[in-house]
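# Topology and contacts: notes
Listed below are the residues making up each chain.
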Amino acid sequence: LDTEPIRRAPPLFEAINKNGLVLFLIANVATGLVNLTVSTMYTADGPAMLILSAYSLALCGIAWVTKGRRLLRL
């Protein structure tokens, strides 16, 4: 019996996929807030990387915290 193993996505990917639309909307609002508060064209590399890292960590954190429930049903 030649069966393929069940392949699953990493847990963070599954968490993001569960609430993809909500996370997309949150990411768009967060991008707007960053662009309004920081002069992104003139930010040095170090602070820019810190902002990007914090942004990514926050979005992944929101996805991880909400992984057990669906925030929006369409």
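Being a predicted model, the structure only gives us computed values, none of them experimental. One numbering rule holds for all chains: residues counted from 1, following each sequence as written. At least 70 in pLDDT is required for a residue's local features to be given in this predicted model, at least 80 for side-chain atom pairs to be given and counted, and no such filter applies to totals for whole chains, interfaces and linings, which use all residues. The basis for every side-chain value is the complete set of non-hydrogen atoms in the structure, without hydrogens or water.

### Considerations on a nonpolar patch on the surface
- Among the surface-exposed residues, Leu-21, Phe-24, Leu-25, Leu-71, Leu-72 and Leu-74 lie close enough to one another that they form a single nonpolar patch of about 630 Å² accessible area.
- A run of DSSP states H or I qualifies as a helix once it reaches four residues; a run of E qualifies as a strand once it reaches two. Both are numbered from the N-terminal end. Within the secondary structure, Leu-71 sits in the segment after helix 3 (45–65). Here the term patch refers to residues with relative accessible area over 30% and no salt bridge, with like charges joined within 9 Å and nonpolar side chains (Val, Leu, Ile, Met, Phe, Trp, Tyr) within 5 Å. Under the convention used here, a 1.4 Å probe and the Shrake-Rupley method define accessible areas, while residue burial counts only the protein chains that appear. Each salt bridge in this description consists of a side-chain nitrogen of Lys or Arg and a carboxyl oxygen of Asp or Glu lying within 4 Å of one another.

### Some details on the packing of aromatic side chains
- Pairs were defined over the aromatic rings of Phe, Tyr and Trp, the Trp ring being its six-membered one, requiring ring centres within 6.5 Å. Orientation was assigned from the angle between planes: stacked under 30 degrees, edge-to-face over 60, tilted for the rest. A complete count under the given rule lists zero aromatic pairs for this structure.
- Geometry around Trp-64 places Lys-67 over its ring, the cationic atom sitting 3.5 Å from the centre. Geometrically, a lysine NZ or arginine CZ counts as sitting over a ring once it is within 6 Å of the ring centre and also within 35 degrees of the ring normal.

### Overview of the side chain of Thr-66
- Assignment of secondary structure puts Thr-66 in the segment after helix 3.
- Classification of Thr-66 by relative accessible area gives buried; the value is 8%. Working definition: with a 1.4 Å probe on protein chains only, accessible area under 20% of the residue-type maximum means buried, over 50% means exposed, and in between means partly exposed.

### Quick word on the environment of Arg-73
- Its place among the elements puts Arg-73 in the segment after helix 3.
- Residue classification places Arg-73 among the exposed residues on the basis of a relative accessible area of 68%.
- Spatially, the C-alpha atoms of Arg-73 and Asn-19 are 9.3 Å apart, while their sequence positions differ by 54 residues.

### Here's the deal with the packing of helix 1 (residues 11–18) against helix 3
- Remark: helix 1 packs on helix 3, axes separated minimally by 8 Å, with the N-to-C direction vectors making an angle of 80°. Judged by the angle between their axes, helix 1 and helix 3 are roughly perpendicular. Each of Pro-11, Leu-12, Ala-15 and Ile-16 in helix 1 lies in contact with helix 3, whose residues at this interface are Cys-60, Ala-63 and Trp-64.
- By residue class, the composition of the contact of helix 1 with helix 3 is seven nonpolar, no polar and no charged. A fitted line through C-alpha atoms represents every axis, and for helices the fit uses only the stretch in contact; the resulting angles, taken between N-to-C directions, go from 0 to 180 degrees. Oblique is the label for every angle not falling under 35 degrees (roughly parallel), over 145 degrees (roughly antiparallel), or within 65 to 115 degrees (roughly perpendicular). Contacts between residues were defined by any pair of non-hydrogen atoms, one from each residue, lying within 4.5 Å. Side-chain classes are defined by residue name, with Ala, Val, Leu, Ile, Met, Phe, Trp, Tyr, Cys and Pro counting as nonpolar, Asp, Glu, Lys and Arg as charged, and the others, Gly among them, as polar.

### Topic: the pattern of salt bridges
- Overall, the coordinates contain two salt bridges when judged by the stated rule.
- For Glu-4, the salt bridge goes to Arg-7, with nearest N and O atoms at 3.6 Å. Across the pair, Arg-7 and Glu-4 agree in class, each one exposed.
- A salt bridge links Arg-8 to Glu-14; its shortest N-O distance comes to 3.1 Å.
- A relative accessible area of 32% means that Glu-14 is categorised as partly exposed.

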